[in-house]
Amino acid sequence: MDRPERRRVAVTGLGVVSAAGIGTEAYFEGLCSPAPVGERRVTGFDPGDHFENAKEARRSDPNTQFLVAAADQALAQAGELDADPTRCGAMIGTGVGGITTLAREMTVLHEKGPRRVSPFLVPMMMANAGGATLSMRYGWMGPSENVVTACAAGTHAVGNAARLIAEDRCDVVMSGGTEAPFTPAAVAGFTNMTALSSSGVSRPFDSRRDGFVMAEGAAVLLLEARDAALARGAAILAEVIGFASTADAYHITAPSPGGSGAVHCMQLALDDAGVGPSDVKHVNAHGTSTELNDAAEAEALSKVFGTSPGPLVTSTKGVTGHALGAAGALEALAVVLSMQKRLIPPTAGLDALDPELPPIQLVIGEAAPWAPGVSISNSFGFGGHNGTLVLAPGE
C-alpha cells in the first residue's frame with residue numbers, strides 16, 4: 001500500500017554547546033581532535049550571554065541554560081522566520097532534567113530545613129523546563145513536548161519533531177536534546193554500576209574500552225517544512241527523511257542479544273525513508289565505549305549493512321563523551337556538519353579495533369573525505385529504547 005504523501009523536512013539551523021566546542025565551527029574542529037581524558041564538561045560558557053539578566057539565568061538549571069544558548073545559535077543561522085506561532089513548536093529530549101538543581105536543593109533541605117528550599121526548585125528541575133522555556137521565549141504556541149528515553153532521547157526528539165512537520169501539524173519545530181548530569185550522586189551511581197570508564201578515556205569499539213565518559217551539553221536542530229524554507233530563501237543544510245523507534249523489551253540496561261532491537265530499528269527507519277541499506281553512505285554510531293553496547297551495535301550494523309564495504313562508521317563519543325539524553329542530538333548535528341564539511345570525523349580514542357567484533361568500516365585516525373549521501377544516526381538507551389534517524393544532504 002502506498003504511504004500517504006508527506007511534507008519534506010529541512011534542517012535550516014544548528015546550535016551546539018558541548019565539551020568539544022561551543023558553536024558549530026568549534027564543535028566540528030573538536031570532533032576532529034584527539035580524544036581527551038576525563039569528564040567532558042562545558043568550559044567557557046557564560047549563560048548571561050543568553051538571558052536578559054543574571055537573575056533570569058540563575059533561575060534556570062544548566063540543563064536549560066545550555067539549551068537556550070544552542071537554540072539562539074540555531075535561530076540565528078536559520079534567519080528570519082515567517083510562520084504562524086501556533087504552528088511552531090519545540091521537541092526536546094533529556095535524560096535526567098534539572099538534576100543539578102535537585103541535588104543542590106536536597107543539600108539545602110538537609111542542612112537548613114524545608115523552609116529554605118528554593119521556590120524555584122520544581123520549575124528548574126522538571127524535565128520539560130527546557131522546551132517550555134523555548135516556547136515562552138519565542139512565543140511559539142504549537143506543541144511543546146519533552147522526550148525522556150534515557151540516551152535515546154535526543155534522537156527521539158528530532159524524529160518526533162520531523163513527524164510533526166511531515167504530517168502538517170507544524171511548520172517549524174525546535175528539536176534536540178540537553179543534559180547537565182554532573183552531580184555527586186549521579187556520578188557515583190554510574191560508577192558503581194561499572195558503566196563509567198575507569199581510565200577516563202572513551203574508546204568506542206576498541207579492544208581496551210572500559211566504559212563511557214560522562215558529558216554535558218545541548219544541541220538544537222531547527223526543522224522546517226522544506227517548501228516554506230525555500231520560499232523564504234533559507235539554506236537547506238540537510239533533510240530528515242526517515243525515523244524509527246523500537247524497544248528491546250529485554251533488560252533495563254543491557255542491549256538485546258545480537259543487537260536485535262537495533263537491527264529492527266534501523267530497518268524500520270530505512271523503510272520509513274524509502275531507501276535501502278546500499279543507499280547509506282555513513283553511520284554515526286551510538287558507540288558508547290562500553291563492552292556490551294559496542295558489541296551489540298557492531299553486530300547489528302553488520303546484519304543490516306553487510307561487511308563489504310558497508311557505510312563509513314564513526315562514533316563521535318570518543319571526543320564528546322556521552323551526554324546521555326543530549327547525545328542523539330549532538331550526533332545528528334555532527335552528521336549534518338559532516339555533510340557541510342564533506343568530512344567524517346574519526347572515531348577518536350580507537351587505537352586497536354576489538355578483533356571479536358564483526359567487521360565494520362570504521363573511520364580511524366583522521367577525518368575521512370566523502371561525497372555526502374544518505375546517513376543514519378543511532379541512539380540506544382537504558383530501558384531498551386532504540387532510535388534511528390535517516391538524514392540526507394540538503395542539496
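Here the structure is a predicted model, which means the values were calculated and not measured.

Student: Can you break down the pairing of strand E7 (residues 238-247) residue by residue, with the values?
Tutor: Here E7 lies mainly inside the structure; eight of its 10 residues are buried. Pairing geometry for strand E1 (residues 9-18) and E7, over three bridges, is antiparallel. For Val9, the partnering residue across the bridge sits in E7 and is Val240.

Student: Which residues make up the layout of surface pockets, and what values go with them?
Tutor: For the largest pocket, the calculated volume is near 670 Å³. In this structure, the largest pocket is lined by 41 residues; those nearest its centre are Thr253, Ala254, Thr290, Asn293 and Phe382. Breaking the lining of the largest pocket down by element, the ones donating at least two residues are helix H8 (184-192), helix H10 (260-273), helix H11 (291-305), strand E13 (374-381) and strand E14 (385-393). Taken together, the residues of the lining of the largest pocket sort by class into 18 nonpolar, 18 polar and five charged. The computed volume of the second largest pocket comes to approximately 290 Å³.

Student: Give a detailed account of unusual backbone geometry, specifying residues and quantitative values.
Tutor: Of note in this structure, Phe205 is not a glycine but carries a positive phi near 65 degrees. Here Phe205 is to be found in the loop between H8 and strand E6 (217-225). One non-glycine residue, Leu324, adopts positive backbone phi at about 50 degrees. By the element assignment, Leu324 lies in the loop between helix H12 (317-320) and helix H13 (327-341).

Student: Describe the environment of Arg8, naming the residues involved and giving the relevant values.
Tutor: For Arg8, the position within the fold is in the segment before E1. For the pair Arg8 and Gly373, spaced 365 residues apart in sequence, the C-alpha separation works out to 17 Å. For Arg8, the side chain forms a polar contact with the side chain of Glu239, separated by 2.6 Å.

Student: Talk me through empty space enclosed by the protein; I want residue IDs and the actual numbers.
Tutor: Rolled over the atoms, a probe as big as a water molecule pinpoints where empty space is left. Within this structure, the stated rule accounts for one cavity of 30 Å³ or more. Here the largest cavity is characterised by a volume of approximately 70 Å³. Looking at the largest cavity, the residues that line it are Leu301, Ser302, Phe305, Gly306, Thr307, Pro309, Gly310, Pro311, Val313, Pro359, Ile360 and Gln361. With three residues, H11 is the single largest residue contributor to the lining of the largest cavity. When grouped by side-chain class, the residues that make up the lining of the largest cavity number seven nonpolar, five polar and no charged.

Quick notes on the rules
- Residues numbered from 1 in each chain as written.
- Predicted model: local features only at pLDDT ≥ 70, side-chain atom pairs only at ≥ 80, totals over all residues.
- Heavy atoms only, no water.
- Buried < 20%, exposed > 50% of the residue type's maximum accessible area, 1.4 Å probe, protein only.
- Helix = DSSP H or I, 4+ residues; strand = E, 2+ residues; numbered from the N terminus.
- Pairing = 2+ DSSP bridges.
- 1 Å grid on protein atoms, 1.4 Å probe; cavity = no way out; pocket = protein on both sides within 12 Å on 5 of 7 lines; lining within 4 Å.
- Points joined across faces, edges and corners; volume = space filled by probe spheres on them.
- Nonpolar A, V, L, I, M, F, W, Y, C, P; charged D, E, K, R; others polar.
- Polar contact = N/O pair within 3.5 Å; in protein donor to acceptor, adjacent residues only side chain to side chain.

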